[in-house]
Amino acid sequence: MTYLDEAATSPVRRQVLEAMWPWLVRDFANPASSHEAGASARRGLDDARARIARALGGRPGEVVLTSGGTEADNLAVKGIALAEPRGRHLLVSAVEHPAVLESAAFLARTGFEVELLPVDGDGLVRPEVLAAALRDDTTLVSVQLANNEVGTVQPVAELAAVAAGRGVPFHTDAVQAAPWQRLDVAALGVRALSLSGHKLGTPKGVGALWLHRRQPVEPLVHGGGQQRGLRSGTEDVAGAVGLATALELVGPVAAAEVAARRDRFVARVLAGVPGARLTGHPTRRLPGHASFVLPGTSGESVLVDLDARGIACSSGSACAAGRSDPSHVLTAMGFEAEVAQTAVRFSFGAATSEAELDHAADTLVQVVTGV
Ligand SMILES: Cc1ncc(COP(=O)(O)O)c(C=O)c1O
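Throughout what follows, the structure given in this document is the object of discussion. (Residues numbered from 1 in each chain as written. Predicted model: local features only at pLDDT ≥ 70, side-chain atom pairs only at ≥ 80, totals over all residues. Heavy atoms only, no water.)

Here we have seven strands laid out as an open sheet, ordered β2-β8-β7-β6-β5-β3-β4, and mixed in their pairing. Looking at the sheet topology across the chains shown, the edges are occupied by β2 (63–66) and β4 (113–117). Across the sheet, the axes of successive neighbouring strands diverge by a mean angle of 20°, strand direction being ignored. Note that strand β5 (residues 138–142) and strand β6 (residues 170–173) share two bridges and pair parallel. Each residue of the ladder has a partner; that of Ser142, found in β6, is His171. Running at roughly 160° to β6, helix α6 (residues 156–165) makes contact with β5 and β6 of the sheet. (Pairing = 2+ DSSP bridges. Helix = DSSP H or I, 4+ residues; strand = E, 2+ residues; numbered from the N terminus. Axes fitted to C-alpha atoms, helices over the stretch in contact; angles between N-to-C directions. Contact = heavy atoms within 4.5 Å.)

Turning our attention to the pattern of salt bridges. Throughout the structure, instances matching the rule amount to 19 salt bridges. In this structure, Asp358 engages Arg264 in a salt bridge whose closest nitrogen and oxygen atoms are separated by 2.6 Å. Of this pair, Asp358 sits in helix α13 (residues 354–369) while Arg264 sits in helix α9 (residues 252–272), and the two are 94 residues apart along the sequence. Owing to a relative accessible area of 14%, Asp358 belongs among the buried residues under this scheme. With relative accessibility at 36%, the residue Arg264 sits in the partly exposed group. One network of salt bridges, in which partners are shared, links Arg264, Arg268, Glu354, Asp358 and Asp362. (Salt bridge = Lys/Arg side-chain N within 4 Å of Asp/Glu carboxyl O. Buried < 20%, exposed > 50% of the residue type's maximum accessible area, 1.4 Å probe, protein only.)

This brings us to the packing of α9 against α13. Each pair of packed helices can be summarised by the angle the axes make with each other and by the distance between the axes. Where α9 contacts α13, the axes come no closer than 9 Å and their chain directions differ by 20°. Overall, the two elements α9 and α13 adopt an arrangement that is roughly parallel. Seen from above, α9 lies across α13 with right-handed handedness. Counting all contacts with α9, which are made through Arg261, Arg264, Phe265, Arg268, Val269 and Gly272, the residues of α13 involved are Glu354, Leu357, Asp358, Ala360, Ala361, Asp362, Leu364, Val365 and Thr369. Residue classes in the contact of α9 with α13 are distributed as seven nonpolar, two polar and six charged. (Parallel < 35°, antiparallel > 145°, perpendicular 65-115°, else oblique. Left-handed = near helix turned anticlockwise from the far one by under 90°. Nonpolar A, V, L, I, M, F, W, Y, C, P; charged D, E, K, R; others polar.)

Attention shifts here to α9. Compared with an ideal rise of 1.5 Å per residue, which puts 21 residues at 30 Å, α9 spans 31 Å between its outermost C-alpha atoms and is within 8% of the ideal. Every buried residue of α9 is listed here: Ala255, Val258, Ala259, Arg261, Arg262, Phe265, Val266 and Val269. If you follow the buried residues of α9, they end up packed against β9 (277–278), β10 (289–293), β12 (343–347) and α13. (Expected span 1.5 Å × (residues − 1).)

One way to put it is that helix α2 (residues 36–56) packs onto helix α8 (residues 237–248) with a least axis distance of 8 Å and a crossing angle of 30°. Of the possible angle classes, the one that applies to α2 and α8 is roughly parallel. Taken as a pair, α2 and α8 cross one another with a handedness that is left-handed. For the pair α2 and α8, the contacting residues are Ala41, Gly44, Leu45, Ala48, Arg51, Ile52 and Ala55 in the first and Val237, Ala240, Val241, Leu243, Ala244, Thr245, Leu247 and Glu248 in the second.

Take the packing of aromatic side chains next. Note on aromatic pairs: each is described by the distance of the centres and the angle between the planes. Overall, the coordinates contain four aromatic pairs when judged by the stated rule. Centroid distance Phe265 to Phe292: 6.2 Å. Interplanar angle 65°. Geometry classified as edge-to-face. Of this pair, Phe265 sits in helix α9 while Phe292 sits in strand β10; the two residues are 27 residues apart in sequence, bridging distant segments of the chain. Arranged with centres 6.1 Å apart and planes meeting at 70°, the rings of Phe292 and Phe346 form a pair that is edge-to-face. Taken together, the positions of Phe292 in strand β10 and Phe346 in strand β12 put the pair 54 residues apart, joining distant regions of the chain. When its relative accessible area of 0% is taken as the criterion, Phe346 is described as buried. Members of the aromatic cluster, each reached through a chain of ring pairs, are Phe265, Phe292, Phe346 and Phe348. Here Lys78 stacks its cationic end above the ring of Phe106, 4.9 Å away from the centre of that ring. (Phe/Tyr/Trp six-rings, centres within 6.5 Å; stacked < 30°, edge-to-face > 60°. Lys NZ or Arg CZ within 6 Å of the ring centre and 35° of its normal.)

Let's shift gears to the sheet that holds β12. Taken in spatial order, the three strands line up as β9-β10-β12 in an open sheet, and their pairing is antiparallel. Strand pairing shows two members of the sheet lacking a second neighbour, β9 and β12, which therefore form its edges. As paired elements, β9 and β10 share two bridges and run antiparallel to each other. Of the residues in β10, the one forming a bridge with Leu278 is Phe292. Against the sheet, α9 contacts β9, β10 and β12, and its axis sits at roughly 15° relative to β10.

This paragraph deals with the pairing of β10. Both faces of the sheet carry side chains from a regular strand, because those side chains alternate between them. The buried fraction of β10 amounts to five of the five residues, a majority that puts the element mostly inside the structure. For β10 and β12, the ladder comprises five bridges, and the chain directions are antiparallel. When the sheet's bridge partners are listed, Ala290 is paired in β12 with Phe346.

Right, here's the structure in full:
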């Protein structure tokens with residue numbers, strides 16, 4: 001199989017699994033236990049938290065471990081909105097992951113006013129659009145760092161500066177960007193940032209929310225008061241070690257190499273499939289991400305045909321797999337519903353070879369054109 005669906009999930013990295021192993025089989029105790037075994041697990045947890053913080057340019061006390069990106073987004077959006085005294089107006093981009101959009105929809109049902117920030121045809125939120133939408137009672141802005149369906153990378157530092165100018169907290173979902181760039185919360189100027197381990201090479205079910213130390217937040221998971229009461233539940237020490245290791249493995253070299261392979265792949269697809277269009281920003285996009293609309297086809301049936309030929313990709317939003325509604329991302333970018341139904345997404349990693357991508361492009365051309 002040629003696996004070109006890394007934006008949905010990536011294989012667990014050997015170094016990550018090896019780093020986790022001792023914390024699963026030897027130092028497996030509950031980090032809250034008072035015996036020496038528990039203390040050892042606690043030290044492992046503290047060390048992993050410090051490494052995660054360092055990888056993000058933050059402080060250890062600012063890292064809340066979660067069960068993944070979805071929980072991190074829920075805690076950021078609902079937790080900040082519920083704790084912030086500023087008001088009950090929320091701004092979220094129209095192209096957010098459902099973890100953000102549905103959290104905002106929940107708040108709307110409880111009396112918040114949620115406004116969707118529009119995007120342009122490339123999927124970008126323009127800083128002037130945000131500036132015009134901010135109000136004195138805006139309690140939170142949430143705009144992702146990179147989009148999971150079309151790969152567009154948002155100008156988060158600029159957007160966060162606009163929000164900060166009005167004293168409004170800014171959350172970014174960095175789940176898709178994290179595998180490709182070293183994150184620096186201070187340079188981004190955000191108050192909260194979500195991560196998911198399984199896009200980075202940890203097992204599924206591991207994530208974190210970085211939260212600025214002075215950012216008020218209402219906990220959503222109540223219980224034994226772990227993680228300073230911000231997220232109760234026995235901490236996943238091995239998962240935290242895995243996330244720290246995975247973040248430390250992110251480097252700029254892989255990103256540049258993969259971007260060159262992506263550009264070759266995109267050119268091959270556009271040359272071979274009449275009418276095909278790359279979706280998302282042509283240059284401000286994730287290195288390992290190529291998404292297209294293929295007018296005249298059905299994204300779902302192209303996906304099935306590619307699968308039958310040993311190529312695993314996605315027809316759009318992997319996180320909404322199984323649903324056939326047109327993508328909210330593409331419709332927000334101005335695509336007609338019929339065109340949005342023709343979306344296909346290929347996402348790959350540092351280990352994906354040029355030969356695999358050439359083969360995938362040629363197979364796609366064959367599937368769509370019959371030659
Ligand atoms: C942008 C984005 N945010 C959040 C998530 C959810 O992360 P998780 O699967 O860890 O819950 C995903 C998953 O695809 C994503 O792409």
